[in-house]
Amino acid sequence: SAVISQKPSRDICQRGTSLTIQCQVDSQVTMMFWYRQQPGQSLTLIATANQGSEATYESGFVIDKFPISRPNLTFSTLTVSNMSPEDSSIYLCSATLSRGPTGELFFGEGSRLTVL
Amino acid sequence: KNEVEQSPQNLTAQEGEFITINCSYSVGISALHWLQQHPGGGIVSLFMLSSGKKKHGRLIATINIQEKHSSLHITASHPRDSAVYICAVDKTSGSRLTFGEGTQLTVNP
């Protein structure tokens, strides 16, 4: 089992600024993921956070816009850079204990960002 | 057509009613997940299924691999069950989850 804490839980940001979201897991996990959920939509995978190396980004997401760090097996950050109103979404951190995604899923409480 | 389809999109029930949410998928899978998303945005994993049926409290999840269909049942529904329920599948051909659009459930007292 794993409990994931995310912060901030919500924020209101100005256009052009950047915000870093932190994800802390209470136990060592194998895989960590970052998702975006735009209003009224389902979850979209942004990237897989790899421990000690560059994240693996999905099509449509780039490191310059969404830099990710994962310095150890329990912590990761996602930065949303140079924000625009289109970035207003819920950002969710997720983790699994298995190498592949098949396995119990753990999610954080989400970070709800509003960009003005 | 989405690879994972949920129905209904929205569901309103009275407290105590039996609720069924359906999920159909069109790809080969290794597992199917049912998730619950609270109004604040946080997500809780309810079930992971690869065959048969699982039960946890008032929640029951079933899957029919041949028909590529899964159902989530809630017995004796309660207003605190109000949430978005999401079906997600681990595809055998890929390493990332594919999500359904979610079912918004509202249970009125």
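Right above here is the structure, for reference.
In this text the structure is predicted, and so the values were computed from the model without any measurement. (Residues numbered from 1 in each chain as written. Chains lettered and ligands numbered in written order. Predicted model: local features only at pLDDT ≥ 70, side-chain atom pairs only at ≥ 80, totals over all residues. Heavy atoms only, no water.)

A few words now on the environment of Glu86(A). Residue and element names in this part refer to chain A. By secondary structure assignment, the location of glutamate 86 is in the loop between strand E8 (75-80) and strand E9 (89-96). Measuring from C-alpha to C-alpha, the distance between glutamate 86 and serine 27 comes to 34 Å, with 59 residues separating the pair along the chain. At 2.9 Å, the side chain of glutamate 86 forms a polar contact with the side chain of serine 84. (Helix = DSSP H or I, 4+ residues; strand = E, 2+ residues; numbered from the N terminus. Polar contact = N/O pair within 3.5 Å; in protein donor to acceptor, adjacent residues only side chain to side chain.)

Turning our attention to the sheet that holds E8(A). Residues and elements named next belong to chain A. Pairing in this open sheet of 4 strands is antiparallel, and the strands run E1-E3-E8-E7 from one edge to the other. Every interior strand has two partners, whereas the edge strands, strand E1 (4-7) and strand E7 (68-72), have only one. Mean inter-strand twist for the sheet, computed between neighbouring axes without regard to direction, equals 15 degrees. Pairing of E7 with E8 involves 3 bridges; the strand directions are antiparallel. Looking across to E8, one finds that isoleucine 68 is bridged to leucine 78. (Pairing = 2+ DSSP bridges. Axes fitted to C-alpha atoms, helices over the stretch in contact; angles between N-to-C directions.)

This part is about the state of the cysteines. Here, disulfide denotes a covalent bond that connects the sulfur atoms of two cysteines. One pass over the structure, following the stated rule, counts 2 disulfides over all chains. One disulfide bridge connects Cys23(B) with Cys87(B), the sulfur atoms lying 2.0 Å from each other. Judged by the sign of its S-S torsion, about -60 degrees, the cystine formed by Cys23(B) and Cys87(B) is left-handed. Linking Cys23(B) in strand E3 (residues 19-25) with Cys87(B) in strand E9 (residues 83-91), this pair joins segments that are 64 residues apart in sequence. Take Cys23(B) and Cys87(B): they sit in the same class, and that class is buried. Unpaired in this structure, Cys13(A) has its nearest cysteine sulfur neighbour in Cys23(A), at a distance of 18 Å. Of the residues examined, Cys13(A) reaches a relative accessible area of 6% and is grouped as buried. (Disulfide = S-S within 2.5 Å. Buried < 20%, exposed > 50% of the residue type's maximum accessible area, 1.4 Å probe, protein only.)

The subject of this paragraph is the interface of chain A and chain B. Many structure descriptions define interface size as the accessible area lost when the parts assemble. Contact with chain A, which involves 17 residues of that partner, is made by 20 residues of chain B. Between chain A and chain B, the buried area comes to about 1,600 Å², and carbon and sulfur atoms account for 55% of it. Taken together, the links from chain A to chain B amount to 0 salt bridges. The tally of links from chain A across to chain B stands at 4 residue pairs in polar contact (both at pLDDT 80 or more). When contributions to the side of chain A that touches chain B are tallied by element, the ones reaching two or more residues are strand E4 (31-37), E9 and strand E10 (105-107) of chain A. (Contact = heavy atoms within 4.5 Å. Buried area = accessible area lost by both parts, 1.4 Å probe. Salt bridge = Lys/Arg side-chain N within 4 Å of Asp/Glu carboxyl O.)

Here the structure, examined in full by the defined rule, presents 4 aromatic pairs over all chains. For the ring pair Phe33(A) and Tyr35(A), a centre distance of 6.5 Å and an interplane angle of 45 degrees mean the geometry is tilted. Neither residue differs from the other here; Phe33(A) and Tyr35(A) are each classed as buried. A connected cluster of aromatic rings, assembled from ring pairs, spans Phe33(A), Tyr35(A), Phe107(A) and Phe99(B). (Phe/Tyr/Trp six-rings, centres within 6.5 Å; stacked < 30°, edge-to-face > 60°.)

A few words now on unusual backbone geometry. Note: most residues except glycine have negative phi, and most peptide bonds are trans. Here the bond from Lys7(A) into Pro8(A) is cis, since omega is 5 degrees, no more than 30 degrees from zero. With respect to the element layout, Pro8(A) can be found in the loop between E1 and strand E2 (10-13). With omega at -5 degrees, the peptide bond leading from Ser7(B) into Pro8(B) counts as cis. In this fold, Pro8(B) is placed in the loop between strand E1 (4-7) and strand E2 (10-14).

Among the nonpolar cores identified, the biggest contains 27 residues, and Met32(A), Trp34(A), Ile46(A), Phe66(A), Ile68(A), Leu78(A) and Tyr91(A) are the most heavily contacted of them. Of all the secondary-structure elements, those providing two or more residues to this core are strand E3 (19-25), E4, strand E5 (44-49), E8, E9 and strand E11 (111-115) of chain A. Ranked by the residues each element gives to this core, the list is headed by E3(A), at 4 residues. Ranked by size, the runner-up nonpolar core spans 24 residues in total, among them Ile19(B), Trp34(B), Ile74(B) and Tyr85(B). (Core = buried A, V, L, I, M, F, W, Y, C linked by side-chain atoms within 4.5 Å.)

All names here are of chain B. The strand order across the open sheet formed by 5 strands is E1-E3-E8-E7-E6, and the pairing between neighbours is antiparallel. Where the open sheet ends on each side, the last strands, each with one partner, are E1 and strand E6 (52-56). Along the sheet, successive strands turn relative to each other by an average axial angle of 15 degrees, direction set aside. Alignment of strand E7 (residues 59-64) against strand E8 (residues 69-74), held across 6 bridges, turns out to be antiparallel. Considered in E8, the bridge of asparagine 64 is made with histidine 69.

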